[in-house]
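# Summary of structural features
Here is what each chain is made of, one letter per residue.
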Amino acid sequence: MLNPNTLPIKHVKVDGVFNRLSQTEVKKNVVENIQGGFFNIDVDKVRVALLNMPWVRDVTVKRVWPDSLKVVVSEQVPSARWGDLGLLNELGEFFSPDDMTITNDLPFLWVTIGLDNFTQGFVGTIFVKFLRKKKYKVFIPKKGKYKFNKVGYDNTNELILEYKLIDDDRYEDTHIIKHYIGNYYYLSYHHQLLFLKY
C-alpha cells in the first residue's frame with residue numbers, strides 16, 4: 001500500500017470563493033505537489049505549498065476514497081494597504097501579494113515599528129513621547145477605551161496613531177474611529193486632539 005503507484009491520485013476538487021485567486025492556478029499547484037498514492041501522499045506538504053500563494057489565507061486538504069483530493073480554500077480579504085509593502089486582511093494580518101493585484105481603492109495606512117526615529121518636528125515629537133511615556137489611553141464617553149500603540153502616516157502624510165481596544169465591561173467598542181482593522185484602530189492627529197478635549 002505504500003507503493004506510490006498504488007491507488008494514485010487521479011482527481012483534484014478545489015472549492016472556495018475565488019475573487020483574486022484563480023481556481024485553475026490553485027489546482028495546478030496541488031497537482032505539482034502530489035507525490036505518492038492515496039495512502040502515502042503528504043497532504044501537509046500540499047497544504048503548505050498552497051499557503052505560500054499570496055492570496056490564500058487558509059486551506060484544508062483531505063483524501064477522498066479511493067483516488068481523489070478535496071481542497072477547500074479561504075481567500076484573503078483585503079481591508080487596507082500597508083504602506084508600499086502589501087495589505088492587511090480583515091483580521092489585521094499582513095500579507096504581500098503581487099503589486100499588479102492590489103487595488104488603489106483601499107485605505108492606505110503606514111505605522112512605524114518603533115518611535116525612536118520619529119521626526120515630525122518639536123511639537124509632534126513631544127506629543128508622541130508623552131503618549132509613549134504615559135501609555136496614553138483614549139476614552140470616548142460611553143464608548144471604547146483604547147491604548148496607544150504606534151505612530152505612522154496615511155497617504156496624505158497625515159499623522160496616524162494606532163490604538164488597541166482595551167477590554168473593559170464599562171466600555172463598548174465604537175465605530176467613531178475612522179479605520180478599524182482586526183484588533184487595531186487608527187486615529188488621525190486631528191481626531192486625536194478632538195478626543196483629548198473630552
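Here the structure is a predicted model, which means the values were calculated and not measured.

### As for the nonpolar core
Membership of the largest hydrophobic core comes to 22 residues, with the highest contact counts inside it found for Leu50, Val61, Val71 and Val73. For this core, the elements supplying multiple residues, two or more each, are β1 (11–16), α1 (23–32), α2 (43–51), β2 (56–64) and β3 (68–75). Not counting chain neighbours up to four residues away, the residues in contact with Val61 comprise Val43, Val46, Arg47, Leu50, Leu69, Lys70 and Val71. Counting residues in each nonpolar core, the second largest holds nine residues, with Val151, Tyr163, Tyr185 and Leu187 among its members.

### Some points on the pairing of strand β12 (residues 184–188)
For β12, the tally of buried residues reaches four of five residues, placing the bulk of the element in the interior. When strand β10 (residues 159–165) meets β12, the two strands line up antiparallel, connected through five bridges. Among the inter-strand pairings, Lys164 is bridged to a residue of β12, identified as Tyr184. In this structure, strand β11 (residues 179–181) lies alongside β12, joined through three bridges in antiparallel fashion. Following the sheet pairing, Tyr180 is matched in β12 by Tyr185. What sits between β11 and β12 in their antiparallel hairpin is a turn of two residues, with Gly182 showing a positive phi close to 60°.

Basis of the calculations
Residues numbered from 1 in each chain as written. Predicted model: local features only at pLDDT ≥ 70, side-chain atom pairs only at ≥ 80, totals over all residues. Heavy atoms only, no water. Core = buried A, V, L, I, M, F, W, Y, C linked by side-chain atoms within 4.5 Å. Buried < 20%, exposed > 50% of the residue type's maximum accessible area, 1.4 Å probe, protein only. Helix = DSSP H or I, 4+ residues; strand = E, 2+ residues; numbered from the N terminus. Contact = heavy atoms within 4.5 Å. Pairing = 2+ DSSP bridges.

These values are about where atoms sit, not about what they do.
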